[in-house]
Each structure stands twice: as C-alpha cells, then as structure tokens.
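What follows is the residue order along each chain.
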Amino acid sequence: MANSLPTEFDVIVMGTGLPESILAAACSRSGQRVLHLDSRSYYGGNWASFSFPGLLSWLKEHQQNSDTGEESPAAWQDMIHETEEAIPLCKKDETIQHAEVFCYASQGMDGNIEELGALQKNPSCVASSTLIKPLDSACLSEETHSSHITSYEVPTQDTPKNNEEITDTAETSVKEEYCGYDTYKHTVSDGTKDEIKPVLEDNSVPPKRKRIAYSQIVKEGRRFNIDLSSKLLYSQGLLIDLLIKSNVSRYAEFKNVTRILAFREGKVEQVPCSRADVFNSKELTMVEKRMLMKFLTFCLDYEQHPEEYQAFTQCSFSEYLKTKNLTPSLQHFILHSIAMMSESSCTTVDGLKATKTFLQCLGRFGNTPFLFPLYGQGEIPQCFCRMCAVFGGIYCLRHKVQCLVVDRESGRCKAIIDHLGQRINAKYFIVEDSYLSEETCSSVQYKQISRAVLITDQSVLKTDSDQQISILIVPPVEPGAYAVRIIELCSSTMTCMKDTYLVHLTCSSSKTAREDLESVVKKLFTPYSETEVDNEELPKPGLLWALYFNMRDSSGVSRSSYNGLPPNVYVCTGPDSGLGSEHAVKQAETLFHEIFPSEEFCPPPPNPEDIFFDGDEKPSEPLGTNNIVMAKLESSEGSKNLESSGKHLQN
C-alpha cells in the first residue's frame, strides 16, 4: 500500500517517462533499491499512449486541472528539521498547452447518419497553459465506457462543466461541451439527409468510400492507442540495441515501417530506399537511378573521401546536393526523405551523417530503417518499468511528492515528503523536468513542439494494400519555417480501428500547434463532411477527427540552468522533436554513469538456470557453454536477433 511504503531506498525516481523508466530499470538491475513514483494515474508521462476514451478523459482533466483549487495535502513544514531546508515541487504539470479538438465526422445513431458540417473555422477553444492531466485509459471503468457508447454524444457529454443541457435534434445546431471546450457541429436544417437509393451498376462511376460515423469511433475507441509523442525506432539505433542487450525486447512487439514518402509539387510519392526499390521504381529514369545509387554509395563511407565535401563544410546540405549532378527530384528525395533535414538548418556534414545513418539501418529488419511498436510508443517506457519491477523496484502511481528535503550543511538531498506526509529517505533522486517548480526553472528557456493527431478514412497514398505504415516529411513553404513530420499508422499496428488511419504530425513550434500544422492538414486531407461533394475524384483522404496541442521540449536544457538543485538530484527531460529516441537513451546512460560510475548500464539478464538462492544446492558439474549469457548480439543476425530476444517482428 502507498501509505505503508518503506522509508529507506537507494534511488527515488519521480516520473515514468522513457529516460526515467530506463534509469529505474538500470538502477534496479544493478542491485539498487528503487522507488518509482508518478503523480499521474498512468505510465509514460508525455511518452504515454491512450485509447480514444482515455484521450478524451485526458482532455477533460485539462479543464478540471485548471479550474480546481489547490488540494490540502498533509502539512510537510513541521517535518523539516532546523538543519534542513525544503525545495517545493510543482503542483501542476504545465508541459501541454493550446489543446484544440475538432470533429468532422457525421454522428450516426441506429443506422441513420446525419450530415454534420466541419467545426467552425474560428473555434472558441480557449488556449490553456496548464497540463491536461490524463486518466489511464486502462483504469476507466466499464460504466464510464458504456456511457460513451450508448449516448452517441461527444463522449464527455456527462456532467458538462457549465451544466448546460445537450440536445440532439436534426433542425438545430448542436453545441456540445467537449472536454471543457466549446465544440460546434452544424446539422442540415433543410431536411436533406442521406437517403438510401438503388444504385445502378456503372463501371464508369468509382465506388463511394465507406462512411464512418463518430459513434463508430466512440464504440471502437478501445482499439485506438494514441501517442502523445510521435516517434519511430531506428533499426540500428541506441534504443533497439538497448532493448536487445537488456532483454527488455521480450515485453514488446514491433512492425516494420513499410514506406518512405515525399511531398513534392503538391503530390505524395513513394521514395525508393533499398537498391531493389531504386531499380524497381517507375518514378525514376534509368539515368536518375544510376545517379542516386552512386551518391548513396558515396554517403556510406563519406569519411573516407573528405576531398569530396570539405570545400562545402560551411554550406548547407541542399547547396552541396546541387553540386553533385543530381536532378531536382533526387535532391528533394535525399534532403527531405532520406536525410530528413530542412534546407536552411542542415549543414553538409550533418546531411551526410544523417544519410549514412539512414542507409546503415536499411535491411536489418526490413526495407526501411524504422520500426514501430505495436500498441504505440507508450509501450516502451512500460517495458522498462516491468524490468525494474522484476528486479525489485516498487511502483506507485497517483503518488505526489510535495518537496525535496535538503541538508543545509552538505547541500545534498536527503529525502522526499509525499502527499500523505510520509518522509522517505534515499541517496539519489531522479526527477522529471515537469516536477520542478517555477522558481527552480525561472532561468530556463524552453522550446515547444507542435503536435496534431488525426483520424482519417484513407491513406495519404493509396495502394493495393491498406495496411501500410508510412513516414512523410512535408518541407516548409516559407524560409525559416520548420518541416512537418507525418507518421501514418494503419489498423495492424493496433493503434486504430479497422478502415481508419491514425496520423501524427510533429514539428518545432513557432506559433500554436494549430497555426503551425493546419495548413499542412488542409493540403493532404479533406474535412469528412465535404467528402461526398464532387465525389468523382476525391484525391484526398477524409479527416474524421483532429486534436492539436503544444508540448514542452526541454531536451536542450542544461543542468546549470536550474536554480538551487542539490548535487545528488538529477533531472530527466521530456520528449524532443526528433524522430528517434536517441536523446532519451543517451541521457539515461549518462546520468546512470554519473551516479554509479563502476556499474554496467543495463547488462543482459542472468540465465534462469544460473540463478541459485540461499539453501539451493549447486550442481557438481561446471556449467556448460549453453548456460553462458551472451552479452553481445551481432546486428548481422538481422531479425533473428530480435526474435531470439523475445521480440516478435511482424512483416
């Protein structure tokens, strides 16, 4: 029970994001007594994944978190001795801002579909600067879930914040209280509704796309796993290597990303990556294929030929590509879809390095360099939490920490005091950045990430298979703007229901998320209420539902920027805007070696046959080579390594 926790630990970790979870697992694996706390009701922090009802509850808590007053936790001032001082921690997480929700799908009931227009262009959603405090989708009661389904209203219709009554009529516009935001839907008032008419078979008329109502999304909401932070795993990256080395890989399953896409001249095209893809491509001429293969071969060992690029080290990568006798389309593919860099901010060396990384990751598990975890990115922190628990770590969710207790003489942190008034001692403390108070972070300059989550009815690039996992980089239109990264997930990733796609948009923020990303959404998607108009062509997928929000990016903050931190308190940052999770792994390993310099970081687990407890009789014969744990898994084994580590890679 949380109110009877032990009072002595070696390490206390606050926050269950990816770097904190890796650190907790590493500390527990090295024999330390670990207490892992989170004030939230779910694992992962800003790395978490939610079902659709869980995400709606996450949004609903935003308004409650900003409106409710401070709790009255157990007083901690009396527990501070004269030789000690306290560092209060933040009571509210303010890492999520400007959340806006839009629903474009029609709302069907009992088989009848009412045509509902898109939300107003200028919604009255109030931009908020406080955290959306989520509720764990797994912890939502069945009673709550059933209320979402049977009502067919917006799922958070129960107990609106302003106690407005919600009516559902076909003649009047419906104003619904949605997660604390005013959300508008307009019904057709002239009595024109979808009528079922006999359709004569005509091969010249393309078949109509399957209509999806909002009530279907709500009913199938448990099939969604929506990531707050959208990332992929490089097949030769640090995270994959750590998962295999530590055997944490046995707790998760992965699928290959199947396509790399490019957006050029208003069209979405598939980018050939491997040698086979290049020579099978119908988009490239034979001359372009030879040009591309020659340049990619050079990039694999560009360090061996410095004379080829040293004169361009001060130039941008895009300028360097113009000197390599490449066509404009090849330059675009290499810059935006292989190196995945922007024209202005990428130097020649950075571009060559990124291209080499991309090429080195090809072929290990598939024809693209990337993997995606089934059920979403939120599975990865939970995998490391499982490892920590296996080796004795103690976990408490919904457990707030009021303050750090610091010894005045030594300046080191001695203990924490939780919301129950319990004092818990430890030697080392690892804190997620969002737990630190405004006073501690007063000198910190944070960046922001703009995020959008879309539910659509079709892929951005239709093919014979409807089970494609794609990544697309949309270059900026204006100089100095940021490229937008798009990851499109199909239902076989266990992140959305059948006949839909889950689309994540990410870029560095210059404005609010909606202002940064809405123009890209309009280029690629059509609001669902408009998809039956001009039905002859419909080149764009229909947009059913959208969420925009800004997330704090603390990845570039140095420790010296925080005020008054004791030397044995270590800070972990949240997700960055990069595609991979390399920063989180590097940070966890660096902090671990600072705390325990002589310990190995996440070593392979022992063979169960080699573990003997006190009182067990050891075998008289020496252990054979079959019982030796191999610490190094060669990448040349390909997918066999991942499977041998307990991973089930699905093609």
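Residues numbered from 1 in each chain as written. Predicted model: local features only at pLDDT ≥ 70, side-chain atom pairs only at ≥ 80, totals over all residues. Heavy atoms only, no water.

- The name given to the protein chain in an unreviewed UniProt entry is Rab proteins geranylgeranyltransferase component A, and the organism recorded there is Bos indicus x Bos taurus.
- Its UniProt record gives the protein chain the following Function (unreviewed entry) comment, quoted word for word: "Substrate-binding subunit (component A) of the Rab geranylgeranyltransferase (GGTase) complex. Binds unprenylated Rab proteins and presents the substrate peptide to the catalytic component B. The component A is thought to be regenerated by transferring its prenylated Rab back to the donor membrane."
- The UniProt entry for the protein chain carries the following text under Subcellular location (unreviewed entry): "Cytoplasm, Cytosol". (UniProt positions renumbered as here; feature names shortened; annotations may be inferred.)

1. Description of the packing of aromatic side chains
Phase 1 of the analysis: Counted according to the given criterion, the structure contains 18 aromatic pairs.
Phase 2 of the analysis: Ring plane angle 70 degrees and centroid distance 5.4 Å describe the contact between Tyr428 and Phe596, whose orientation is recorded as edge-to-face. Placement of Tyr428 in strand 20 (residues 428–432) and of Phe596 in the loop between helix 13 (582–595) and helix 14 (639–644) is noted, with a sequence separation of 168 residues between them.
Phase 3 of the analysis: Residue Phe596 is classed as buried on the basis of its relative accessible area of 10%.
Phase 4 of the analysis: Here a set of aromatic residues connected by ring pairs shows up, and it is made of Tyr42, Phe50, Trp58 and Phe549.
Phase 5 of the analysis: Here the basic side chain of Arg559 rests over the ring of Tyr570, its NZ or CZ set 5.8 Å away from the ring centre. (Phe/Tyr/Trp six-rings, centres within 6.5 Å; stacked < 30°, edge-to-face > 60°. Helix = DSSP H or I, 4+ residues; strand = E, 2+ residues; numbered from the N terminus. Buried < 20%, exposed > 50% of the residue type's maximum accessible area, 1.4 Å probe, protein only. Lys NZ or Arg CZ within 6 Å of the ring centre and 35° of its normal.)

2. A closer look at the side chain of Asp516
Phase 1 of the analysis: Examined against the element boundaries, Asp516 turns out to sit in helix 12 (residues 513–524).
Phase 2 of the analysis: For Asp516, which is buried and forms no salt bridge, the nearest opposite charge comes from Lys511, at a distance of 6.0 Å.
Phase 3 of the analysis: A polar contact of 2.7 Å, which involves the side chain of Asp516, links it to the side chain of Ser450.
Phase 4 of the analysis: At 3.2 Å, the side chain of Asp516 forms a polar contact with the backbone nitrogen of Lys511.
Phase 5 of the analysis: Once residues lying within four places of it in the same chain are set aside, the contact partners of Asp516 are Ser450, Cys507, Ser508, Ser509, Ser510 and Lys511. (Lys, Arg positive; Asp, Glu negative; His and termini not counted. Salt bridge = Lys/Arg side-chain N within 4 Å of Asp/Glu carboxyl O. Polar contact = N/O pair within 3.5 Å; in protein donor to acceptor, adjacent residues only side chain to side chain. Contact = heavy atoms within 4.5 Å.)

3. Topic: the sheet that holds strand 1 (residues 11–14)
Phase 1 of the analysis: With respect to topology, 5 strands assemble into an open sheet ordered 16-2-1-20-27, the strand pairing being parallel. Each edge of the open sheet is held by one strand with a lone partner, namely strand 16 (394–396) and strand 27 (569–572). Within this sheet the neighbouring strands show an average axis-to-axis angle of 15 degrees, counted without direction.
Phase 2 of the analysis: Pairing geometry for strand 20 and strand 27, over 4 bridges, is parallel. Across the sheet, Glu432 pairs through a bridge with Cys572, a residue of strand 27.
Phase 3 of the analysis: Strands in contact with helix 1 (residues 18–29) are strand 1, strand 2 (34–37), strand 16, strand 20 and strand 27; relative to strand 2, the strand with the most contacts, it is inclined by about 160 degrees. (Pairing = 2+ DSSP bridges. Axes fitted to C-alpha atoms, helices over the stretch in contact; angles between N-to-C directions.)

4. Section: the environment of Asp418
Phase 1 of the analysis: By the element assignment, Asp418 lies in strand 18 (residues 413–418).
Phase 2 of the analysis: Residue Asp418 is classed as buried on the basis of its relative accessible area of 0%.
Phase 3 of the analysis: Placed 18 residues apart in sequence, Asp418 and Lys400 show a C-alpha to C-alpha distance of 5.8 Å.
Phase 4 of the analysis: Discounting residues that sit within four places of it in the chain, Asp418 has contacts with His399, Lys400, Val401, Gln402 and Ile424.
Phase 5 of the analysis: A distance of 2.8 Å separates a polar atom in the side chain of Asp418 from a polar atom in the side chain of His399.

5. Focus on the layout of surface pockets
Phase 1 of the analysis: Its boundaries defined by the atoms lining it, the largest pocket holds a volume of some 1,200 Å³.
Phase 2 of the analysis: Contributing to the lining of the largest pocket are 37 residues, with Ala339, Met340, Met341, Gly578 and Leu579 lying nearest its centre.
Phase 3 of the analysis: Every element with two or more residues in the lining of the largest pocket is listed here: helix 10 (348–361), strand 23 (484–489), strand 24 (501–508) and helix 13.
Phase 4 of the analysis: Considering each element in turn, the lining of the largest pocket owes the most residues, 7 residues, to helix 10.
Phase 5 of the analysis: Here the residues of the lining of the largest pocket are counted per class, giving 17 nonpolar, 14 polar and 6 charged. (1 Å grid on protein atoms, 1.4 Å probe; cavity = no way out; pocket = protein on both sides within 12 Å on 5 of 7 lines; lining within 4 Å. Points joined across faces, edges and corners; volume = space filled by probe spheres on them. Nonpolar A, V, L, I, M, F, W, Y, C, P; charged D, E, K, R; others polar.)

6. Describing the confidence of the model for the protein chain
Phase 1 of the analysis: Confidence in the prediction of the protein chain, expressed as mean pLDDT, is 78, and 74% of residues score 70 or more.
Phase 2 of the analysis: Below a pLDDT of 50 lies the segment residues 110–205, which in the model reaches 205 contacts outside its immediate sequence neighbourhood of four places, other chains included. (pLDDT = per-residue confidence, 0-100.)

7. Here's the deal with the sheet that holds strand 19 (residues 423–425)
Phase 1 of the analysis: With antiparallel pairing, 4 strands are arranged side by side in an open sheet as 4-17-18-19. In this open sheet, the two strands that pair with only one neighbour each are strand 4 (84–88) and strand 19. Averaged over all neighbouring strand pairs, the angle between strand axes comes to 30 degrees, with direction disregarded.
Phase 2 of the analysis: In this sheet, strand 19 lies alongside strand 18 in antiparallel orientation, the contact comprising 3 bridges. Pairing of Ile416 across the sheet is with Ile424, part of strand 19.

8. A few points about helix 9 (residues 328–338)
Side chains three or four residues apart in an α-helix point the same way, a direct result of the helix having 3.6 residues per turn.
Phase 1 of the analysis: The buried fraction of helix 9 amounts to 10 of the 11 residues, a majority that puts the element mostly inside the structure.
Phase 2 of the analysis: Turning to helix 9, its buried residues are Ser329, Leu330, Gln331, His332, Phe333, Ile334, Leu335, His336, Ser337 and Ile338.
Phase 3 of the analysis: Where the residues of helix 9 are buried, they touch strand 13 (259–264), strand 14 (267–270), helix 7 (286–300), helix 8 (317–322), helix 10 and strand 22 (470–474).
Phase 4 of the analysis: Once helix 9 finishes, Met340 follows within two positions and takes phi at roughly 55 degrees, a positive value.

9. Description of empty space enclosed by the protein
Summary: where empty space remains is shown by rolling a probe the size of a single water molecule over the atoms.
Phase 1 of the analysis: One pass over the structure, following the stated rule, counts 4 cavities of 30 Å³ or more.
Phase 2 of the analysis: The computed volume of the largest cavity comes to approximately 100 Å³.
Phase 3 of the analysis: What lines the largest cavity is a set of 15 residues, and nearest its centre among them are Asn46, Glu432, Thr573, Gly574 and Pro575.
Phase 4 of the analysis: By residue class, the composition of the lining of the largest cavity is 2 nonpolar, 9 polar and 4 charged.
Phase 5 of the analysis: If you add up the space inside the second largest cavity, you get close to 40 Å³.

10. As for unusual backbone geometry
Phase 1 of the analysis: We note that His98 has phi near 55 degrees; this positive angle belongs to a residue other than glycine.
Phase 2 of the analysis: The exposure class of His98 is partly exposed, given its relative accessible area of 22%.
Phase 3 of the analysis: If you check the backbone angles, Glu265 has positive phi at about 55 degrees while not being a glycine.
Phase 4 of the analysis: Owing to a relative accessible area of 67%, Glu265 belongs among the exposed residues under this scheme.

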